Amino acid sequence: MNKIKVFVVLCLISTFAYAGGYRVSTQSNKQLAMGHTGVAVVNSADILFFNPAGIVHLENKLNISAGGFGVFSDVKFQNEDFGTFSETDSPTGTPVYLYATYKVTEDFAVGLGVYTPYGSNVTWPTDWSGSHLVNEIELSAIFIQPTLSYQLFDSVSIGGGPILAIGGVSFNRNASRTLTDEEGNRSNIGIEDSGVTAWGWSAGIMFTPTDKFTLGFNYRSLIDIESTEGTATFSNFPNSSLTPSNGQTSFTATLPLPAELTLGVSYKLLDDKLLLAFDYNRALWSEYNSLDLEFGNGATSINPRNYKDASTYRFGAQYAATDKLTVRAGYYFDESPVQSGYFAPETPRNDSDGYTFGLSYLVTPKLSIDGSLLFLQFQEVTESYDFYFDTGSPVAAPFEGTYKSSAFIAGLGLTYSM
């Protein structure tokens, strides 16, 4: 009988996924306005995230940047065969960043960055047609990065440092497509963990052969967030020996925050008033082959994800319109790492086009206000998730439909230097 319970639990959990494309590119208002380019752009302390080798090139001795964003997203799902339609009502996401750098000597600088490069916040209507896969998910990761930067030669600098990642997840879904308790309430399972820590590192190099041309490269390592003290809560299960008991148990899982490498160039024109930039980014999502779960009772569950590595192509421009006003614009194309048949509604993101705008206004010679806007249009996609099995059934029950997604992000920040 216990084996039956374990099987039921594994079937319930097997569809849980942190999903793909949970990378959030909101690490700077200035650089987001330029299509989130930045590996070869030395604008402010924000360069600590994009390329640690660049902070030694900042002109001022002390540089501080801070800001945040409001993320407003919307996902519509439709299955014409069954006549079902649902739309998310997700809360506003609020990623933030803080960077500070200090030039110790002309050839050596230090810095500290705090930023949120990964996250997902999706809320579907309760008991919607895909509620056996997800009702609500909230995923977050905060990175803390101390950094050193050194000028090796006149045209070459290097930089890097360790990264402390702090992650958490909250997830909720119905137990199956039909299971209820004796009063008709849908059986439900929730998983939660927070304060999970792990370490990684970042390193970069920057070439400045002329005053107008810059070439940069940055690598950020894989970080595995290993949840070992999480709690799973079962509720509204019927009083039956064939289903799990209501209550709490432990679980463990590992979420990879993939390594990524970025190569970028920038060039100055029009007496240095105009700056053009391009970044090529490669995220190594193929590290996410499966989601392995281990429960307090010793059972394990291996769930294939089969993500693929994905690229992002970023273009940006910056123009100093006056002594106080700088305007920016950009565009990027972001490939989804999710392959056909693995499209789950936890983070329903397809390939996307991002259009960005922004400006900085110099309030005083030391302080500026930075603003940015991003409209993200995901390509409409009809896809399925093929790895859900009803309890006791050896035959998969794919969940298929058409997804239309978009997001609007507005940001505001401050830059201080002296």
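Preceding block: the structure.
Note that the coordinates shown come from a computational prediction; the quantities given were computed from them, not determined experimentally.

Procedures and definitions
Counting restarts for each chain, with residues numbered from 1 along the sequence as it is written. For this predicted model, a pLDDT threshold of at least 70 governs which residues receive local features, and a threshold of 80 or more governs which side-chain atom pairs are given and counted, while totals over whole chains, interfaces and linings are taken from all residues. Calculated side-chain values reflect all of the structure's heavy atoms, with hydrogen atoms and water omitted. As used in this record, nonpolar core signifies buried Ala, Val, Leu, Ile, Met, Phe, Trp, Tyr and Cys residues forming a set joined through side-chain atoms within 4.5 Å. Type-normalised accessible area, obtained with a 1.4 Å probe on protein chains alone, sets the label of each residue: buried when under 20%, exposed when over 50%, and partly exposed for intermediate values. Two residues qualify as a contact provided that any one of their heavy atoms is within 4.5 Å of a heavy atom in the partner residue. Counting from the N terminus, the helices are the DSSP runs of H or I reaching at least four residues and the strands are the DSSP runs of E reaching at least two. In the analysis that follows, any N or O atom pair within 3.5 Å is treated as a polar contact, provided that within protein one partner can donate a hydrogen and the other can accept it, and provided that, for residues neighboring in sequence, both atoms belong to side chains. Strand pairing is defined by DSSP finding a minimum of two bridges between the two strands. Each reported salt bridge corresponds to a side-chain nitrogen of Lys or Arg within 4 Å of a carboxyl oxygen of Asp or Glu. Each Phe, Tyr or Trp ring, with Trp reduced to its six-membered ring, pairs with another whose centre is within 6.5 Å; inter-plane angles below 30 degrees give stacked pairs, above 60 give edge-to-face pairs, and intermediate values give tilted ones. We call a charge positioned above a ring when the Lys NZ or Arg CZ atom is no farther than 6 Å from the ring centre and deviates by at most 35 degrees from the ring normal.

*Asks:* Account for the nonpolar core, naming residues and giving values.
*Replies:* Within the largest apolar cluster, 69 residues are counted, with the highest numbers of intra-cluster contacts made by W124, F143, I223, I225, L257 and Y403. Ignoring anything within four residues of it in the chain, the contact list for I223 reads F143, I163, A165, A198, W199, G200, L255, P256 and L257.

*Asks:* Any chance you could break down the environment of Y99 for me, citing the residues and the numbers?
*Replies:* Its location among the elements puts Y99 in strand β3 (residues 96-105). Note: C-alpha distance between Y99 and T415 (316 residues apart in sequence) is 9.5 Å. Not counting chain neighbours up to four residues away, the residues in contact with Y99 comprise Q27, A45, D46, L48, F49, N63, I64, S65, L112, G113 and Y115. Only 2.7 Å separates the side chain of Y99 from the backbone oxygen of Q27, close enough to count as a polar contact.

*Asks:* Could you give me a rundown of the pairing of strand β18 (residues 367-378), with the residues and numbers involved?
*Replies:* One ladder, built from eleven bridges, connects strand β17 (residues 352-362) with β18; its direction is antiparallel. Bridging from a neighbouring strand, Y361 pairs with I369 of β18. The turn joining β17 and β18, which pair antiparallel and follow one another in sequence, is formed by four residues. Examined bridge by bridge, β18 and strand β20 (residues 399-417) share eleven bridges and lie antiparallel to one another. The residue of β20 that forms the bridge with L367 is Y416.

*Asks:* So what's going on with the side chain of T147? Residues and values would help.
*Replies:* With respect to the helices, strands and loops of the structure, T147 is situated in strand β5 (residues 136-153). Here the side chain of T147 touches Q145 through a polar contact of 3.1 Å, side chain to side chain.

*Asks:* Describe the pattern of salt bridges, and please don't skip the residues or the numbers.
*Replies:* All chains considered together, the criterion is met by five salt bridges. Note that E380 and K404 form a salt bridge whose closest N and O atoms lie 4.0 Å from each other. One end of the pair, E380, is in the loop between β18 and β19 (381-385); the other, K404, is in strand β20, and 24 residues separate them in sequence. Linked by salt bridges that have partners in common, D74, K76 and E87 make up one network.

*Asks:* Give me the lowdown on the packing of aromatic side chains, citing residues and values where you can.
*Replies:* Applying the stated criterion across every chain, the model contains 21 aromatic pairs. Centre to centre, the rings of F343 and Y403 are 4.9 Å apart; their planes meet at 50 degrees, and the pair counts as tilted. Pair noted here: F343 is in the loop between β16 (325-334) and β17 and Y403 is in strand β20, with a separation of 60 residues, a long-range link. Under the relative-accessibility criterion, F343 is labelled buried at 4%. Residue classification places Y403 among the buried positions, given a relative accessible area of 1%. Geometry around Y332 places R314 over its ring, the cationic atom sitting 4.5 Å from the centre.

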